[in-house]
Amino acid sequence: MVIQFISCTFATKLLMMVEVHYNNKEIESLVFKNESTLYKELVRKKAFLKALRAFYSILEVIDNIRDLMRYYTFLQYQRKELSSVLIVGAGVSKRLIFSEHDDGQSILILELI
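Residues numbered from 1 in each chain as written. Predicted model: local features only at pLDDT ≥ 70, side-chain atom pairs only at ≥ 80, totals over all residues. Heavy atoms only, no water.

Thoughts on the nonpolar core
Here is step 1: The biggest cluster of nonpolar side chains holds 28 residues, and the ones touching the most others in it are F55, Y56, L68, L96 and F98.
Here is step 2: Of all elements in the fold, only α2 (25–33), α3 (40–43), α4 (46–61), β3 (83–89), β4 (92–101) and β5 (106–112) reach the threshold of two or more residues within this core.
Here is step 3: Sort the elements by how many residues they give to this core and α4 lands first, with 8 residues. (Core = buried A, V, L, I, M, F, W, Y, C linked by side-chain atoms within 4.5 Å. Buried < 20%, exposed > 50% of the residue type's maximum accessible area, 1.4 Å probe, protein only. Helix = DSSP H or I, 4+ residues; strand = E, 2+ residues; numbered from the N terminus.)

Written as structure tokens, this is what we have:
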């Protein structure tokens, strides 16, 4: 009985997630490998990387990008032609630009400015 409960919880967790694709492999490398030739100055900014990874953690628990509005004060989510979130840490603030697809269930990361 306990095993079924764990499996059910795990399956639910897998379904609740915004799918992330990258147009900019440098950002993917920065987030997951802590290395980037384009964003060299950010590799050393640990607090900024922590804030960037916090955004990715939120993407793992929501099923639609529009649910970011619940985190508006933390993320400063904006939706226009392209969507963005403001990432702030270690005295650095950058805007992560992305496009929304499949009615908000997936995003394409475009750039970090």
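Here we look at the pairing of β5
Here is step 1: As judged from the 4 bridges shared by strand β1 (residues 19–22) and β5, these two strands associate in the parallel manner. Bridging across to β5, Y22 finds its partner in I109.
Here is step 2: Relative to β5, β4 runs antiparallel, the two sharing 6 bridges. Bridge pairing in β5 links I97 to E111.
Here is step 3: Connecting β4 to the next strand, β5, in antiparallel fashion are 4 residues, including D102 with a positive phi near 50°. (Pairing = 2+ DSSP bridges.)

Overview of the pattern of salt bridges
Proximity of charged atoms lets side chains of opposite charge pair with each other.
Here is step 1: Scanning the entire structure with this criterion turns up 3 salt bridges.
Here is step 2: In this structure, the salt-bridge partner of R66 is D103, at a minimum N-O distance of 3.3 Å. Of this pair, R66 sits in the loop between α4 and α5 (72–75) while D103 sits in the loop between β4 and β5, and the two are 37 residues apart along the sequence.
Here is step 3: R66 sits in the partly exposed class, given a relative accessible area of 29%.
Here is step 4: Judged by relative accessible area, which is 60%, D103 ranks as exposed.
Here is step 5: Sharing partners across several salt bridges, the network here consists of R66, E100 and D103. (Salt bridge = Lys/Arg side-chain N within 4 Å of Asp/Glu carboxyl O.)

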